[in-house]
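If you want the building blocks of each chain, they are given just below.
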Amino acid sequence: MQKTAIIFSFNTKKTGKVAERILEAFQDEQVEKVNAEELTQEVFMSFERIIMGVATWFDGELPNYWDEFLPALEEVDLKGKKIALFGLGDQKGYPENFIDGVGIMADLLESRGATLVGFTSTAGYEFESSRALRGDHFAGLAIDYENQGSMNKERVTAWVEQIKREFSQ
Ligand SMILES: Cc1cc2nc3c(=O)[nH]c(=O)nc-3n(C[C@H](O)[C@H](O)[C@H](O)COP(=O)(O)O)c2cc1C
C-alpha cells in the first residue's frame, strides 16, 4: 500500500484551510497530515505520494519553513515519488511573482527525480510572470484567497479528482 501525505505548515491560516478542503475531498482515502515546520528528511522519504502546500512570501520567495527544508531535499533521490503542489498567492498584489514558490519547489523536486502531478491551466488568472509556469500550465494548483476566494472550492475539488487519477496511474 503506497503511503500518501499532505505536508503544510500547521501555523498557516489560509494554506491550512485549503489543506483541510483537500483532505475532505479525499474522503475515505488515507492521507496523513504532516506539519512542514517539523518535517524531517526521514519522514518526507517515508511517503510515495506527497501533496505539498507551498505559499509564496517575500516577493517571490518560499516561506522560511520550506526554505529551511531545501538542503534536506537537495541530497535525496526522489525517483518513484509522485508529488502534487498547491500554492497560495496574490495575483493582483504580486503579479510579477505569482505563486513563484511553487516554481522554486517544482524545479528542485524535478531535479531530484520526482514526478510532479497536478498541473493546471492558467486560464482564469491574470498576472505578469510566474516561476511556476510550464508552458500555459502551472506546475500545481494556484489558489488566490485575496482575489478569487470564491473559486477555491471548485478549484480544489477538480484538482483532487485530477491528482487522485494521476497518483494511481
Ligand atoms: C509580505 C508578503 C509578500 C507576499 N509575496 C507574494 C509573492 O511574491 N507572490 C504571490 O503570489 N503572493 C505573495 N503574497 C501573498 C501570499 O502568498 C498570500 O497572502 C497567501 O494566501 C499566504 O498564505 P499563508 O498565509 O497560508 O502563508 C505575499 C504576501 C505578503 C503578506
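For the structure, check the block above.
Let me sum up the structure you'll find in this document. (Residues numbered from 1 in each chain as written. Predicted model: local features only at pLDDT ≥ 70, side-chain atom pairs only at ≥ 80, totals over all residues. Heavy atoms only, no water.)

1. Digging into the nonpolar core
As a reminder of what qualifies: In this text, buried Ala, Val, Leu, Ile, Met, Phe, Trp, Tyr and Cys residues form a nonpolar core when linked through side-chain atoms within 4.5 Å. Each residue gets one of three labels from its accessible area relative to the maximum for its type: buried under 20%, exposed over 50%, partly exposed in between, using a 1.4 Å probe on protein chains only. Runs of E in the DSSP output that reach at least two residues are strands. Runs of H or I that reach at least four are helices, and both are numbered from the N terminus. Any two residues whose heavy atoms approach within 4.5 Å at even a single point are treated as in contact.
Phe 44, Met 52, Trp 66, Leu 73 and Leu 109 are the most contacted members of the largest nonpolar core, which has 36 residues in total. Element by element, the count of residues in this core is highest for helix α5 (residues 100–111), at 6 residues. With near-sequence residues (within four places) excluded, Leu 109 lies in contact with Phe 44, Met 52, Leu 73, Leu 78, Ile 83, Leu 85, Ala 114 and Leu 116. Within the second largest apolar cluster, 22 residues are counted, among which are Ala 19, Leu 23, Val 156 and Ile 163.

2. Quick notes on the site of the ligand
Under the convention used in this document: Any residue with a heavy atom lying within 4 Å of a molecule or strand is counted as near it. Whenever a nitrogen or oxygen atom comes within 3.5 Å of another N or O atom, the pair is scored as a polar contact, on the condition that within protein one atom can donate a hydrogen and the other can accept it, and that pairs from neighbouring residues in sequence are kept only if both atoms are in side chains. Areas reported as accessible are Shrake-Rupley estimates using a 1.4 Å probe. Residue values count occlusion only from the protein chains shown. Put simply, Ala, Val, Leu, Ile, Met, Phe, Trp, Tyr, Cys and Pro go in the nonpolar bin, Asp, Glu, Lys and Arg in the charged bin, and everything else, Gly too, in the polar bin.
The environment of the ligand is made up of 17 residues, and the closest members are Thr 15, Thr 56, Trp 57, Gly 60 and Glu 146. Between an oxygen atom of the ligand and a main-chain N or O atom of Gly 60, the distance comes to 2.6 Å. A total of 650 Å² of accessible area belongs to the ligand in isolation, and the protein chains cover 84% of it. Split by residue class, the shell around the ligand holds 7 nonpolar, 6 polar and 4 charged.

From the geometry alone we can't say anything about function, so treat these as descriptive.
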